[in-house]
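Here's the letter readout for the chains.
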Amino acid sequence: MKITNSLTMAIGAFFLSAATNAQNTFQKEEFKQWAQTPPMGWNSWDCYGPTVEEHEVKANADYMAKELKKFGWEYVVVDIRWFVENDKAGGYNQTDPRYVIDQYGRYLPAVNRFPSAKDGQGFKPLADYIHKKGLKFGIHIMRGIPKKAVEEKMPIKGANGITADQIYSTALQCEWLRDNYTVVADKPGAQEYYNSIFELYAQWGVDFIKIDDLSRPYHEGEINLIRNAIDKCGRKIVLSTSPGETPISAAPHVSAHANMWRMVDDVWDTWPHITHLMDVAQKWYPYIAPGAWPDCDMIPLGRISIRGERGNDRMTRLTKDEQYTLITFFNIFKSPLFFGGDLPSNDAFTLSLLTNKEVVKMHNESTAVKQLFQKDGKIAVTSKNAKDGSVYLALFNISDKDSQKVSVNLSDLGISGTAEVLNMWTGEKSKLNSKEIGADLRPHASVLYQLKSKK
């Protein structure tokens, strides 16, 4: 076979890049520098389930680059089972899935869904497309090692002859998706397996990874392997652990190993999902910190379930009041923001929820987030902006039947005297001379204020 000079140079450049990456080992907790503000992006799950295709990913990336990038939205994430050729909407094909996998037991993108992955290129061409738009690329995986790799005793790259069947256990296998087995963290070859997949993802240009089935029960051993593998791979890959209610007892460990972690199961477009999230979030306020973020889950707004898990193709079922409440809570809580709807299908109202400059500024710059109270169907959450001295206040009426006034004393916000008030969603400005601030709110409604003391 004749090899051209250009091909030789390309191969050389590839291996030089890989070698350079391999020499880059990140220091303990250096990963927190990669997400100093909560990550913002789009994820394919809410609208496409396990069936998203390359052209749909590109369409959402195109929209993000045009409409959202300037507001800080940057991640484009391909969710679950991108390595299955024949998955289905409304669940998973677990009867006869056709997996795409390499000789080392590492999943590869299904070419019938991601044509640019042909000839063993993996996700690199798609990542390149997204990077050229100034955006970042992410993928979803399940924890563990593929059953297929175990059954066929595939070798683990870099593990000196150890094969997949020597590092697995059927214990604690994921109950709702049976593609993988648990990796036994202290087995020889376990670290090398995780190293091998992150080496591959680094070569593809992955910037973000969401890893599923880590939280219930909490898989500390595998999380340690994952953290080590990312730190060794030479590429800054933001880590999201998912899903389920991460136990509060794991807070010290997860905040020292991941950039974001899910507090609850999937949040869909029903009011009880929102109120449950608000309830669970109460214990996580002390752990909101740069580089390590409690995660409210994806934002189920806009057009969802085109080929999704829950229900039929639809615009979100949440009322406008409920949509404001959801997006206000996600923002003031400083949750990572991952939009779940199909971006090109957005209407003007949905777009407005994602592109409010003052709300985005609060999400990026606020500190000292805390809940003032949650009682009698009323919630108040506040934070501060040390850069401009302002105080943020979100008030919620989560009761189902009655309109009610929700208010707080200005002294509880550290404000005395007159205050300038901005309603951050309407843009309305006013001056406040009383000792409290509040609003009469319909059921499920909310308001978001920015307050500045006027001396």
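What you see as residue numbers is a count from 1 along each chain, following the sequence as written. Where totals are concerned, whole chains, interfaces and linings use all residues; where local detail is concerned, this predicted model gives features only for residues with pLDDT of at least 70, and gives and counts side-chain atom pairs only at 80 or more. Excluded from the side-chain calculations are hydrogens and water; all other atoms, namely the structure's heavy atoms, are used.

- As annotated in an unreviewed UniProt entry, the protein carries the name Alpha-galactosidase and is attributed to Flavobacterium anhuiense.
- Taken from UniProt, the Sequence similarities (unreviewed entry) comment for the protein reads in full: "Belongs to the glycosyl hydrolase 27 family." UniProt positions are given in the numbering used here, feature names are shortened, and annotations may be inferred rather than shown by experiment.

### What to know about the pairing of strand 15 (residues 378-385)
No. 1: We call a residue buried when its accessible area falls under 20% of the maximum for its residue type, exposed when it is over 50%, and partly exposed in between, using a 1.4 Å probe and counting protein chains only. Numbering of helices and strands runs from the N terminus, with a helix taken as a DSSP run of H or I at least four residues long and a strand as a DSSP run of E at least two residues long. In terms of burial, strand 15 is a largely internal element, six of the eight residues being buried.
No. 2: In this analysis, strands are considered paired if DSSP registers two or more bridges between them. Hairpin connection between strand 14 (residues 367-375) and strand 15: a loop of two residues separates the two successive antiparallel strands, and D376 in this loop has a positive phi of roughly 55°.
No. 3: By the bridge criterion, eight bridges tie strand 15 to strand 16 (residues 390-397) in an arrangement that is antiparallel. Within the sheet, the bridge partner assigned to A380 lies in strand 16 and is L395.
No. 4: Here strand 15 folds back onto strand 16, and the loop between the two strands holds four residues, one of which, G389, carries a positive phi near 80°.

### A short note on the layout of surface pockets
Picture a little ball the size of a water molecule; that probe, rolled over the atoms, points out where space is still empty.
No. 1: Grid points spaced at 1 Å over the protein atoms alone were grouped into cavities, where a 1.4 Å probe fits but cannot get out, and pockets, open sets with protein on both sides within 12 Å along at least five of seven lines, with lining residues defined by an atom within 4 Å of a point. Grid points are joined across faces, edges and corners, and a volume is the space filled by probe spheres set on the points. Here the largest pocket is characterised by a volume of approximately 530 Å³.
No. 2: W176, D212, R216, P243 and D265 are, among the 32 residues lining the largest pocket, the residues nearest its centre.
No. 3: Elements with a contribution of two residues or more to the lining of the largest pocket: strand 7 (208-212) and helix 9 (271-281).
No. 4: Note that Gly is not counted as nonpolar here; it falls among the polar residues with everything else outside the nonpolar set of Ala, Val, Leu, Ile, Met, Phe, Trp, Tyr, Cys and Pro and the charged set of Asp, Glu, Lys and Arg. Here the residues of the lining of the largest pocket are counted per class, giving twelve nonpolar, seven polar and 13 charged.

### Here's the deal with the packing of aromatic side chains
No. 1: Stacked, tilted and edge-to-face pairs are distinguished by plane angle, under 30 degrees for stacked and over 60 for edge-to-face with tilted covering the rest, among Phe, Tyr and Trp rings (Trp via its six-membered ring) whose centres lie within 6.5 Å. One pass over the structure, following the stated rule, counts 26 aromatic pairs.
No. 2: Ring centres of F198 and Y201 lie 5.5 Å apart, and the angle between their planes is 75°; this geometry places the pair in the edge-to-face category. Note that F198 and Y201 are positioned in helix 6 (residues 190-204) at a spacing of three residues, about one turn of the helix. Pair check on accessibility: F198 and Y201 agree, each one buried.
No. 3: An aromatic cluster of three or more residues is present, and its members are W82, F83, Y99, Y107, F114, F123, F137, F198, Y201 and W204.
No. 4: In our convention, an over-ring charge means Lys NZ or Arg CZ found within 6 Å of a ring centre and within 35 degrees of that ring's normal. The ring of F31 is capped by R227, whose NZ or CZ atom sits 3.9 Å from the centre of that ring.
No. 5: Stacked on the ring of F349, the Lys or Arg K320 has its end atom at 4.6 Å from the ring centre.

### Focus: the sheet that holds strand 19 (residues 429-432)
Where strands meet in a sheet, backbone hydrogen bonds hold them as pairs that are either parallel or antiparallel.
No. 1: Within the open sheet, the six strands sit side by side as 14-15-16-21-18-19. Their pairing is antiparallel. If you trace the sheet from one side to the other, it starts and ends with strand 14 and strand 19, each paired once. Going from strand to strand, the sheet's axes swing by 25° on average, the running direction of each strand aside. The convention used is that axes are lines fitted to C-alpha atoms, helices contributing only their stretch in contact, and that angles between N-to-C directions extend from 0 to 180 degrees.

### Side note on the UniProt feature "domain: Alpha galactosidase C-terminal" (unreviewed entry) in the protein
No. 1: The residues that UniProt annotates with the feature "domain: Alpha galactosidase C-terminal" (unreviewed entry) are residues 376-451.
No. 2: Secondary structure content for residues 376-451 is 0% helix and 58% strand, and the end C-alpha separation is 25 Å.

### A closer look at the nonpolar core
No. 1: Only buried Ala, Val, Leu, Ile, Met, Phe, Trp, Tyr and Cys residues count toward a nonpolar core, and they belong to the same one when joined by side-chain atoms within 4.5 Å. Counting residues in hydrophobic clusters, the biggest one holds 131 residues, and the most contacted among them are W73, W82, I139, F198, Y201 and I209.
No. 2: Residues count as neighbours in contact if any of their non-hydrogen atoms are within 4.5 Å of one another. Apart from residues lying up to four places away in sequence, I209 is in contact with I139, I141, F198, Y201, I230, I237, V238, L239 and S240.
No. 3: Residues I415, L432, L441 and Y449 belong to the second largest nonpolar core, which totals 20 residues.

### Here we look at the pairing of strand 16
No. 1: The buried fraction of strand 16 amounts to eight of the eight residues, a majority that puts the element mostly inside the structure.
No. 2: Burial of strand 16 is two-sided: the residues S390, Y392, A394 and F396 facing one way and the residues V391, L393, L395 and N397 facing the other way are all buried.
No. 3: Relative to strand 21 (residues 446-454), strand 16 runs antiparallel, the two sharing six bridges. If you follow F396 over to strand 21, its bridge partner there is S446.

### Notes on the pattern of salt bridges
No. 1: Here, a salt bridge means any Lys or Arg side-chain nitrogen found within 4 Å of an Asp or Glu carboxyl oxygen. Evaluation of the coordinates by the stated rule reveals 30 salt bridges.
No. 2: We note a salt bridge from D87 to R81, for which the minimum N-O separation is 2.9 Å. One exposure class covers both D87 and R81, and it is buried.

### Here we look at the sheet that holds strand 9 (residues 260-262)
No. 1: In spatial order, the strands read 10-9-8-7-3-2-1-13; together these eight strands make up an open sheet with parallel pairing. Among the strands making up the open sheet, the edge pair consists of strand 10 (293-295) and strand 13 (337-339). Sheet twist, expressed as the average angle between the axes of neighbouring strands with direction ignored, equals 25°.
No. 2: Here four bridges tie strand 7 to strand 8 (residues 238-241), and the two strands are oriented parallel to one another. Considered in strand 8, the bridge of K210 is made with S240.
No. 3: Packing against the sheet, helix 3 (residues 54-68) makes contact with strand 1 (40-43) and strand 2 (75-78), and its axis sits at approximately 165° to strand 2.
No. 4: Set on the sheet, helix 4 (residues 124-131) makes contact with strand 2 and strand 3 (136-142); between it and strand 3 the angle comes to about 140°.

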